[in-house]
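Given next are the chains, with one letter for each unit.
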Amino acid sequence: RPALAVVQSEPAPVVELQPTKKPGTDWTPADYAELLRQYESLTSGPDAMKGEVAREALGKVWSYAPNSIKPFLTTARKQRGATI
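Not measured: the values here are computed from a predicted model.

What counts and what doesn't
- Residues numbered from 1 in each chain as written.
- Predicted model: local features only at pLDDT ≥ 70, side-chain atom pairs only at ≥ 80, totals over all residues.
- Heavy atoms only, no water.
- Helix = DSSP H or I, 4+ residues; strand = E, 2+ residues; numbered from the N terminus.
- Buried < 20%, exposed > 50% of the residue type's maximum accessible area, 1.4 Å probe, protein only.
- Contact = heavy atoms within 4.5 Å.
- Areas by Shrake-Rupley, 256 points an atom, 1.4 Å probe, with all protein chains shown as cover.
- Axes fitted to C-alpha atoms, helices over the stretch in contact; angles between N-to-C directions.
- Parallel < 35°, antiparallel > 145°, perpendicular 65-115°, else oblique.
- Left-handed = near helix turned anticlockwise from the far one by under 90°.
- Polar contact = N/O pair within 3.5 Å; in protein donor to acceptor, adjacent residues only side chain to side chain.
- Expected span 1.5 Å × (residues − 1).
- Phe/Tyr/Trp six-rings, centres within 6.5 Å; stacked < 30°, edge-to-face > 60°.
- Core = buried A, V, L, I, M, F, W, Y, C linked by side-chain atoms within 4.5 Å.

Bringing the overall build of the chain into the picture now. Looking only at helices and strands, one finds three helices and zero strands in the chain. Ordering the α and β elements of the chain from the N terminus gives α-α-α. Of all 84 residues assigned to the chain, the portion counted as buried reaches 23%. A separation threshold of at least 6 residues defines the contact pool for the chain, and within that pool the share at least 24 residues apart is 51%. Looking at the chain as shown, the accessible area adds up to about 6,300 Å², and 57% of this sits on carbon and sulfur atoms.

Once that is clear, we can look at the packing of helix 1 (residues 29-42) against helix 2 (residues 51-62). Angle between the axes and distance between the axes are the two parameters that describe a pair of packed helices. Their axes nearest at 9 Å, the elements helix 1 and helix 2 cross at an angle of 135°. By the criterion of interaxial angle, the relationship of helix 1 to helix 2 is oblique. Between helix 1 and helix 2 lies a crossing of right-handed hand. On helix 2, the residues touching Asp31, Glu34, Leu35, Gln38, Tyr39 and Leu42 of helix 1 are Gly51, Ala54, Arg55, Leu58 and Trp62.

Before going further, it helps to spend a moment on the side chain of Lys21. Secondary-structure assignment places Lys21 in the segment before helix 1. A polar atom in the side chain of Lys21 sits 3.1 Å from the backbone oxygen of Thr25. Here the side chain of Lys21 touches Tyr64 through a polar contact of 3.3 Å, side chain to side chain. For Lys21, the residues in contact, after removing those within four places along its chain, are Asp26, Trp27, Asp31, Trp62 and Tyr64.

With 14 residues, helix 1 extends 20 Å from end C-alpha to end C-alpha; this agrees with the ideal 20 Å at 1.5 Å per step. Burial in helix 1 covers these residues: Asp31, Tyr32, Glu34, Leu35, Leu36, Gln38, Tyr39 and Leu42.

Evaluation of the coordinates by the stated rule reveals six aromatic pairs. Arranged with centres 5.9 Å apart and planes meeting at 45°, the rings of Trp27 and Tyr64 form a pair that is tilted. Taken together, the residues Trp27 in the segment before helix 1 and Tyr64 in the loop between helix 2 and helix 3 (66-83) connect sequence positions 37 residues apart. Judged by relative accessible area, which is 15%, Trp27 ranks as buried.

Below, the discussion takes up the nonpolar core. Core analysis: the biggest nonpolar cluster contains 13 residues, and Trp27, Leu35, Leu58, Trp62 and Leu73 have the highest contact counts within it. Elements with a contribution of two residues or more to this core: helix 1, helix 2 and helix 3. Tallying contributions element by element places helix 1 first for this core, with five residues. Apart from residues no more than four positions distant in its own chain, Trp62 is found in contact with Gln18, Pro19, Thr20, Lys21, Trp27, Asp31, Glu34, Leu35, Gln38 and Ile69.

Set out below in structure tokens:
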């Protein structure tokens, strides 16, 4: 049996945390989708953050308190579920 080659996986690209909306403006479906994409990229892969830490990081970038970002993520998941 030939030996299996060990494949060095590329490190996950660093996610650029950047809001797609300004504070005080209404959320659009695209904003929700981007927030969820950023959250999922932070909480998956070999360097995954815990959800609480990821929400804190996103809260700072998106100008929300860590606890107040959670309902936006919930809405984003519901919207994505409705489109599948």
